[in-house]
Amino acid sequence: MADPIIEQFRAANAGLSKLVRDELAGFFGTLNLAKPEAVRNALLEFVPLLVSEYGSVAETLALDYYDELRAASGAAGIFQAAAGAASIPESAVQAKIRYLAKQLWTPDPASMLGGLLSATDKYVKQPGRDAISYNAKREGARWARVPTGAKTCSWCLVLASRDAVYLSKQSAGDRRGTGKGDAFHGDCNCAVVRIGKASDYPPGYLPDDYLAMYEAARAEAASGDIKDISAAFRRLHPDAVTDAVHTH
């Protein structure tokens, strides 16, 4: 049976994602794609504002969620989740827009929207994820990445296999990219869960199983690179992931 606090938080984030996607798609639909430079400039102004506005909502949801998880775990002492994690730099959002905007100068300029929606979803959710890891570090607790649904992508399962070892975003993979890959991707529904003691693990979270799958994929890849391991994971465990590679 799923943890109701985690599922309520997932539902709130799903609702937030829909609002963001609808607003961004609506704005994109008003732009004249025959004028690519004007479209790019409009997005450079609009999207960072969207990320800032809804990112603040994501952070607030996460702070309430963290306090609910802590209360449910029966943690001792007085502690309240607080804002303080670093925000998404506007320059990072704009750099992504400039990269995606290259598609505006192609025969199919509307193709930019898919990548833009995915990237914006990631940026909006990140303040909430950072708030949880920030407060876990403040408290001296750990946190775990918990996949959602019967299946998830290989990337998420590889990272979920690390169990509750995360004390900072650096140990999970820097969201800005460090050569080892981002901890989260666009349209990712993984939950970040505070783990103070063994009973805080949510039902259905199987880090030992994930770890065994990861170790097999790492051996198959003969590489420590997470991209190579994820590729091997898709081949070895096609029934466990949404991005399976079927070899026969």
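Remember, predicted model here, so these are calculated numbers, not experimental data.

## What about the pattern of salt bridges?
- Within this structure, the stated rule accounts for six salt bridges.
- R10 is paired through a salt bridge with E7; the nearest N and O atoms lie 2.6 Å apart. Placement of both R10 and E7 in helix α1 (residues 4–29) is noted, with a separation of three residues, approximately one turn of the helix.
- We note a salt bridge from D121 to K125, for which the minimum N-O separation is 3.1 Å. Highlighted residues: D121 and K125, both in helix α4 (residues 112–139), separated by four residues, approximately one helical turn.
- When its relative accessible area of 4% is taken as the criterion, D121 is described as buried.
- According to the relative accessible area criterion, K125 is buried, its value standing at 8%.
- Connected via shared salt-bridge partners are R70, E139 and R194.

## Some remarks on the packing of helix α2 (residues 36–73) against helix α3 (residues 90–100)
- Closest axis-to-axis distance for the α2/α3 pair is 9 Å, and the angle between their directions is 140°. By the angle between their axes, α2 is oblique relative to α3. Judged by the twist between their axes, the crossing of α2 over α3 is right-handed. Contacts from R40, L43, L44, V47, P48 and V51 in α2 reach E90, V93, Q94, I97 and R98 in α3.
- In terms of residue class, the contact of α2 with α3 is built from seven nonpolar, one polar and three charged.

## Some thoughts on unusual backbone geometry
- Unusually for a residue other than glycine, A222 sits at a positive phi of about 50°.
- The topology assignment puts A222 in the loop between α7 (207–221) and α8 (226–236).

Conventions we followed
Residues numbered from 1 in each chain as written. Predicted model: local features only at pLDDT ≥ 70, side-chain atom pairs only at ≥ 80, totals over all residues. Heavy atoms only, no water. Salt bridge = Lys/Arg side-chain N within 4 Å of Asp/Glu carboxyl O. Helix = DSSP H or I, 4+ residues; strand = E, 2+ residues; numbered from the N terminus. Buried < 20%, exposed > 50% of the residue type's maximum accessible area, 1.4 Å probe, protein only. Axes fitted to C-alpha atoms, helices over the stretch in contact; angles between N-to-C directions. Parallel < 35°, antiparallel > 145°, perpendicular 65-115°, else oblique. Left-handed = near helix turned anticlockwise from the far one by under 90°. Contact = heavy atoms within 4.5 Å. Nonpolar A, V, L, I, M, F, W, Y, C, P; charged D, E, K, R; others polar.

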